[in-house]
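# Tertiary structure, described
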Amino acid sequence: MSIKAYRNGVLILSTILVLILGACSNAESNDTNNENTNHENMNEENEINNESKGDKNHGDMEHSSSGEIPNGLKEAENPTYKIGSEVILKSDHMEGMNGAEATIVGAYDTTVYTVSYTPTTGGEKVTNHKWVIQEELKDTGDKTLKPGSDVTLEANHMEGMKGAKATIDSAKRTTVYVVDYIPTTGGEKVTNHKWVTESELSAK
């Protein structure tokens, strides 16, 4: 074999090796890119799932729509807003409540309290919760309690509320109402929302 032919052979082999190595490198690069893309997609999916869980946990803190009325609670004899009246809500207990159109489904005379408590399920302390009525406090009779009094809640408006130890923040004697309303933010109708005071309502 001539030297020229030998050199040509070596050159061809070298070219083939370079092409093969280049192809391998590109394949590895594509695999790495695909792996990174998959991880990014997984991270995005996890973030979406976590947000959904957070929304669900938040939803657990919404007031219940149970129509159950505490024992001993007396209906108001002459309420400002009669049962069946159409009213406008001026309270912001829940998102979409303030400004919503509502219907009165119950009216009762009692003492209402704002309270602070730590949920029995754990979590942060809830302060100035509106409202808890006299009949939703354990073993307090019908005597109006003063701010600073320690009580046990029988109310079950929110998760972790019933059985919680609480402190009275404020107290007043008034008429409280149970209402049905459609949130201004949209969504399903809220039924039997407890409680709304007379000062939190206006005629439609």
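Residues numbered from 1 in each chain as written. Predicted model: local features only at pLDDT ≥ 70, side-chain atom pairs only at ≥ 80, totals over all residues. Heavy atoms only, no water.

This part is about the overall build of the chain. The helix and strand tally for the chain stands at 1 helix and 8 strands. Mapped from its N terminus to its C terminus, the chain presents α and β elements in the order α-β-β-β-β-β-β-β-β. Scored against the burial criterion, the 204 residues of the chain give a buried share of 32%. Relative to all contacts within the chain whose residues are 6 or more apart in sequence, the contacts with residues 24 or more apart total 60%. (Helix = DSSP H or I, 4+ residues; strand = E, 2+ residues; numbered from the N terminus. Buried < 20%, exposed > 50% of the residue type's maximum accessible area, 1.4 Å probe, protein only. Contact = heavy atoms within 4.5 Å.)

Tracing the backbone through its elements, the reader meets Thr-120 in the loop between strand S3 (101–117) and strand S4 (126–133). Placed 40 residues apart in sequence, Thr-120 and Gly-160 show a C-alpha to C-alpha distance of 4.6 Å. Discounting chain neighbours no more than four positions away, the residues touching Thr-120 are Gly-160, Lys-162, Gly-163 and Ala-164.

Okay, the pattern of salt bridges next. Summed over the entire model, instances satisfying the criterion amount to 1 salt bridge. Residues Lys-204 and Glu-101 are paired through a salt bridge, measuring 3.2 Å at the closest nitrogen-oxygen approach. Of this pair, Lys-204 sits in the segment after strand S8 (201–203) while Glu-101 sits in strand S3, and the two are 103 residues apart along the sequence. On the accessibility criterion, Glu-101 (47% relative accessible area) is partly exposed. (Salt bridge = Lys/Arg side-chain N within 4 Å of Asp/Glu carboxyl O.)

Inspection of every chain in the model, using the stated rule, returns 2 aromatic pairs. When the ring of Tyr-81 is compared with that of Tyr-177, the centres are 5.9 Å apart and the planes differ by 70°; the resulting orientation is edge-to-face. Taken together, the residues span a long stretch of sequence, with Tyr-81 in the loop between strand S1 (74–75) and strand S2 (86–89) and Tyr-177 in strand S6 (residues 165–181) at a distance of 96 residues. Judged by centre distance (6.2 Å) and plane angle (85°), the ring pair of Tyr-108 and Trp-195 falls under edge-to-face. Within this pair, whereas Tyr-108 is found in strand S3, its partner Trp-195 is found in strand S7 (residues 190–197), the two being separated by 87 residues in sequence. Trp-195 matches Tyr-108 in its accessibility class, with the two residues each being buried. (Phe/Tyr/Trp six-rings, centres within 6.5 Å; stacked < 30°, edge-to-face > 60°.)

Further remarks concern the environment of Ser-91. Assignment of secondary structure puts Ser-91 in the loop between S2 and S3. Among residues more than four places away in sequence, those in contact with Ser-91 are Met-97, Asn-98, Val-196 and Glu-200.

Lys-130 connects to Trp-131 through a cis peptide bond whose omega is -10°. Inspection of the secondary structure assignment puts Trp-131 in strand S4. Geometrically, the link from Lys-194 to Trp-195 is a cis peptide bond, its omega value of -5° lying close to zero. Its identity is not glycine, yet Asn-128 carries a phi of approximately 50°, on the positive side. On the basis of relative accessibility, which here comes to 46%, the residue Asn-128 falls in the partly exposed class.

Leu-89, Ile-104, Tyr-177, Val-179, Tyr-181 and Leu-201 are the most contacted members of the largest nonpolar core, which has 16 residues in total. Counting residues per element, the ones that place at least two in this core are S2, S3, S6 and S7. Grouped together as the second largest cluster of nonpolar side chains are 15 residues, Val-115, Val-126, Val-151 and Met-158 included. (Core = buried A, V, L, I, M, F, W, Y, C linked by side-chain atoms within 4.5 Å.)

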